[in-house]
Amino acid sequence: MDFMGAVSKDGLNIANKSREIVKNKIKEVLGDKINNFNEKEMGIIERVVHATADPEYAKLLVFKNNPIDNGIKAIKDKKPIVVDVNMVKAGVRYDKVYCFIDNKEVFDIAKREGITRAVASMRLARDLIDDGVVVIGNSPTALFEVVRLVKEEDIKPKLVVGVPVGFVQASESKEALRELDIPSISKLSDLNRLYNFSSEGISILHGPHHSAQKSTSVQPSLITVSKLSSDKCIISVILLSPPNLLFFSQFAKILKISYYKKSNFLHFKSLKNKGR
């Protein structure tokens, strides 16, 4: 096995070439700052850059309190991994991965207490989170709940990977995570980057040189938002699978947004920016 899980000679050649390209792109972005990261951290950065097709991610990842070694030890000790959405679970090659977002009890708790299902799922997973690993790849409210559990209920996770997406509370939740004195990996916010599904969370958990064979069904679409003026922007989507073309084209029709397809890109034109 090698980078990207290649096993054949052709596959290994492609994987090695891809890894070399990724390494060079990271060097271009980080410059001398590349020396700030150790070998294991660079392995994580490589995976994330490869998964997102965005070398700028090398500048956005934050490692705190020796998170990689703590995460590796937790996995070796067969500690549970709690995730916020099933897309993350689908991409993780490990037997003890738990996601309660669709659990009936979570629906009941959320309705009864007037909270999001993401928050309710973290509360339900409380005992697994304590001394376990948490990966938040979608919901800021789930990450806020993990932070609350650490602060108020003395829960001690071995590692928290906090990379929720979106424009509402995502930045604040990651900052709250970084303020905790626990092992964590998070991402500095960049409003020009928003990814469909949790490619970065899955890549972080896979780590350097980890086989990705079981996660091949996870095909994230890279979405780039380019601001034109105070009220307009263009959204470009790199389509990684045919279903994504169908989804985004239907999405555009519903919102009456004009778009055009060029090569492997789908461009939405003149989308009104309402500050969401």
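Residues numbered from 1 in each chain as written. Predicted model: local features only at pLDDT ≥ 70, side-chain atom pairs only at ≥ 80, totals over all residues. Heavy atoms only, no water.

*Asks:* Can you help me understand the pairing of strand β6 (residues 184-187) in this one?
*Replies:* Looking along a regular strand, one sees the side chains alternate between the two faces of the sheet. Where burial is concerned, the two faces of β6 agree: the one with Ser 184 and Ser 186 and the one with Ile 185 and Lys 187 are both buried. Bridging between strand β5 (residues 159-162) and β6 involves 3 bridges; their strand directions are parallel. In the strand pairing of β6, Gly 162 is matched with Ser 186. Of the crossover connections in this fold, the one passing from β5 over helix α9 (residues 170-178) to the parallel β6 is right-handed. (Buried < 20%, exposed > 50% of the residue type's maximum accessible area, 1.4 Å probe, protein only. Helix = DSSP H or I, 4+ residues; strand = E, 2+ residues; numbered from the N terminus. Pairing = 2+ DSSP bridges. Right-handed = clockwise from strand over helix to strand, strands pointing away.)

*Asks:* I tried to follow the nonpolar core on my own but got confused; where do I start?
*Replies:* One broad trend across soluble globular proteins is that nonpolar side chains are buried collectively. Among the nonpolar cores identified, the biggest contains 55 residues, and Ile 26, Ile 45, Phe 63, Ile 81 and Ile 129 are the most heavily contacted of them. In terms of residues, this core owes the most to one element, helix α8 (residues 140-152), which gives 6 residues. (Core = buried A, V, L, I, M, F, W, Y, C linked by side-chain atoms within 4.5 Å.)

*Asks:* I tried to follow the pairing of strand β4 (residues 133-136) on my own but got confused; where do I start?
*Replies:* What you see with β4 is no split at all: Val 133 and Val 135 on one side and Val 134 and Ile 136 on the other are buried throughout. Pairing of strand β2 (residues 81-83) with β4, which is carried by 3 bridges, proceeds in the parallel orientation. What sits directly across from Ile 81, in β4, is Val 133. Examined bridge by bridge, β4 and β5 share 4 bridges and lie parallel to one another.

*Asks:* Would you mind going over unusual backbone geometry with me for this structure?
*Replies:* Phi is positive for Asp 131, close to 75 degrees, though the residue is something other than glycine. Note that Asp 131 resides in the loop between α7 (126-129) and β4. With a phi angle near 55 degrees, Asp 154 is a residue other than glycine that sits in the positive phi range. The exposure class of Asp 154 is exposed, given its relative accessible area of 52%.

*Asks:* Any chance you could explain the environment of Tyr 94 here in plain terms?
*Replies:* Summarising the element assignment, Tyr 94 is placed in the loop between α4 (86-91) and β3 (97-98). Discounting chain neighbours no more than four positions away, the residues touching Tyr 94 are Ala 74, Ile 75, Lys 78, Lys 79 and Ile 81. (Contact = heavy atoms within 4.5 Å.)

*Asks:* Is there a simple way to explain the sheet that holds strand β1 (residues 61-64) in this structure?
*Replies:* As a general point, the strands of a sheet are linked pairwise by backbone hydrogen bonds and lie either parallel or antiparallel. As summarised here, the arrangement of the 6 strands in space is β1-β6-β5-β4-β2-β3, forming an open sheet in which the pairing is mixed. Of all strands in the sheet, those bounded by a partner on one side alone are β1 and β3.

*Asks:* Honestly, the packing of helix α1 (residues 9-30) against helix α2 (residues 39-52) in this entry has me stumped. Any pointers?
*Replies:* When two helices pack together, their arrangement is given by the angle between the helix axes and by the axis-to-axis distance. One way to put it is that α1 packs onto α2 with a least axis distance of 10 Å and a crossing angle of 105 degrees. One way to sum up the angle between α1 and α2 is to call them roughly perpendicular. Taking contact as the criterion, the partners of Ser 18, Arg 19, Val 22, Lys 23, Ile 26 and Leu 30 in α1 are, on α2, Met 42, Ile 45, Glu 46, Val 49 and His 50. Residues of the contact of α1 with α2, tallied by class, amount to 6 nonpolar, 2 polar and 3 charged. (Axes fitted to C-alpha atoms, helices over the stretch in contact; angles between N-to-C directions. Parallel < 35°, antiparallel > 145°, perpendicular 65-115°, else oblique. Nonpolar A, V, L, I, M, F, W, Y, C, P; charged D, E, K, R; others polar.)

*Asks:* I would appreciate a short explanation of the packing of aromatic side chains in the present structure.
*Replies:* Aromatic rings considered in pairs are described by the distance between their centres and by the relative angle of their planes. Counted by the stated rule, this structure contains 2 aromatic pairs. An angle of 75 degrees between the planes, with centres 6.2 Å apart, marks the rings of Phe 37 and Phe 63 as edge-to-face. In this pair, Phe 37 sits in the loop between α1 and α2 while Phe 63 sits in strand β1, placing the two residues 26 residues apart along the sequence. Residue classification places Phe 37 among the buried positions, given a relative accessible area of 19%. Seen in terms of ring centroids, Tyr 98 and Phe 100 are 6.3 Å apart; in terms of plane orientation they differ by 15 degrees. Their pairing is stacked. Using a relative accessible area of 29% as the deciding quantity, one classes Tyr 98 as partly exposed. Take Phe 100: its relative accessible area is 18%, and that puts it in the buried class. (Phe/Tyr/Trp six-rings, centres within 6.5 Å; stacked < 30°, edge-to-face > 60°.)

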